[in-house]
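A look at the structure
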Amino acid sequence: MTSPDLAALRPRIPSPVEEITDRRFGRHGVRLLLKRDDLIHPDLIGNKWRKLAPNLTAAAGRTVVTFGGAYSNHLRATAAAGRLLGLPTVGAVRGQELSGRPLNPSLAQCAADGMRLHFVDRSTYRRKSEPETLAAILRGAAAEDAYVIPEGGSNSLAVRGCRALGEELRARADVDVVALACGTGGTLAGLAAGLAPDQRALGIPVLKGGFLSADIEELQKRAFGGRRGDWSLDDRFHFGGYARVPTELDAFAGDFEDRHGLPVERLYVAKLLYGLVTLADEGTFPRGSTVAAVITGRPLP
């Protein structure tokens, strides 16, 4: 088996950086930059490219199995990669009860891109990292010899791939803080390792639970041998958990779109931008600071 030619997909690397003028930051003397990782590739957006690319290379043409919930952006990106590169993909979807229902738009797109969906009951799904349980899931999906990518795509290869994001921003001496929304923590783990010593990374978790700090430390330990970079998390902006988009958040995102002409993805990016506006109002960023917000995705059609 040979590795797919990812260069043929022509990713836009490094992704562009744009400055926007927003009085909610300007009145506090803070500059806001947008790191437009959403423009890397039309189908493999943002951190999905950075995390998937090294894993797809390692898969070397084998079937790829990965995991996610019913609205997983990671599943969609993996399915799209399979279509573009001619790789068979299997998505192990959390929730056996979904198997008898019509597919939601996200899973329907996965299927349209050629991903074979295998629904897993929630109890088994929670234990998917256990070797025996993983083996049983792979048998059930008829994919025993597949290359496995974990939920959210976060493993050592992905973390090392995301270090390039930090290195791209390391070259910007004017950037003090790099902020991004976090799901499984792999992007932040890599990003922080690539930044300069006088830059810091700020993660805005989109899931509640307060577990992510330990996960990121473990990811950095596996990828780099220990903690790397100056990073922290602010757990206040999950709005109740993953895929929760209450009216207040949706209205904020719509207003940001109107102000700046930027389509705002609701599950991650909206929470990031809302958090940054709040932190600016709280005086978290000293006057004269420059904050770079990583735009990791865009609204799904």
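Scroll up a little and you will see the structure.
Anyway, here's the lowdown on the structure attached to this text. No experiment lies behind these values; they were computed from the predicted model shown.

**Overview of the packing of helix α2 (residues 47-59) against helix α7 (residues 156-170)**
For the pair α2 and α7, the least separation of the axes is 7 Å and the interaxial angle reads 140°. Taken together, α2 and α7 sit at an angle that is classed as oblique. Between α2 and α7 the crossing geometry is right-handed. Across from Arg 50, Lys 51, Pro 54, Asn 55 and Ala 58 in α2, the residues of α7 making contact are Leu 157, Ala 158, Gly 161, Cys 162, Ala 164, Leu 165 and Glu 168. Among the residues forming the contact of α2 with α7, the class breakdown is seven nonpolar, two polar and three charged.

**A few points about unusual backbone geometry**
Of note, the bond from Ile 13 into Pro 14 is cis; its omega dihedral lies within 30 degrees of zero at -5°. Within the fold, Pro 14 resides in the segment before β1 (17-20). Backbone geometry places Ala 142, a non-glycine residue, at a positive phi of 55°. Tracing the backbone through its elements, the reader meets Ala 142 in the loop between α6 (131-140) and β6 (147-149). Positive phi values are uncommon outside glycine, yet Phe 239 reaches one of about 55°. Relative to the assigned elements, Phe 239 resides in the loop between β9 (230-233) and α10 (247-260).

**Here's the deal with the sheet that holds strand β8 (residues 200-205)**
Pairing in this open sheet of six strands is mixed, and the strands run β1-β2-β10-β7-β8-β9 from one edge to the other. In the strand order of this sheet, the two ends are held by β1 and β9, each with one partner. Here the average twist between neighbouring strands, direction ignored, is 25°. The pairing of strand β7 (residues 177-182) with β8 spans six bridges and is parallel. When the sheet's bridge partners are listed, Cys 182 is paired in β8 with Pro 205. Contacts from α7 reach β1, β2 (31-35), β7 and β10 (290-294) within the one sheet, and its direction differs from that of β2 by about 135°. Contacts from helix α8 (residues 186-194) reach β7, β8 and β9 within the one sheet, and its direction differs from that of β7 by about 165°.

**Brief notes about the pairing of β8**
Burial of β8 is extensive: five of the six residues sit out of reach of the surface. Chirality of the crossover, the property in question, places the unit of β7, α8 and β8 among those that are right-handed. Note that β8 and β9 share four bridges and pair parallel. What sits directly across from Ala 201, in β9, is Trp 231.

Calculation criteria
- Residues numbered from 1 in each chain as written.
- Predicted model: local features only at pLDDT ≥ 70, side-chain atom pairs only at ≥ 80, totals over all residues.
- Heavy atoms only, no water.
- Axes fitted to C-alpha atoms, helices over the stretch in contact; angles between N-to-C directions.
- Helix = DSSP H or I, 4+ residues; strand = E, 2+ residues; numbered from the N terminus.
- Parallel < 35°, antiparallel > 145°, perpendicular 65-115°, else oblique.
- Left-handed = near helix turned anticlockwise from the far one by under 90°.
- Contact = heavy atoms within 4.5 Å.
- Nonpolar A, V, L, I, M, F, W, Y, C, P; charged D, E, K, R; others polar.
- Pairing = 2+ DSSP bridges.
- Buried < 20%, exposed > 50% of the residue type's maximum accessible area, 1.4 Å probe, protein only.
- Right-handed = clockwise from strand over helix to strand, strands pointing away.

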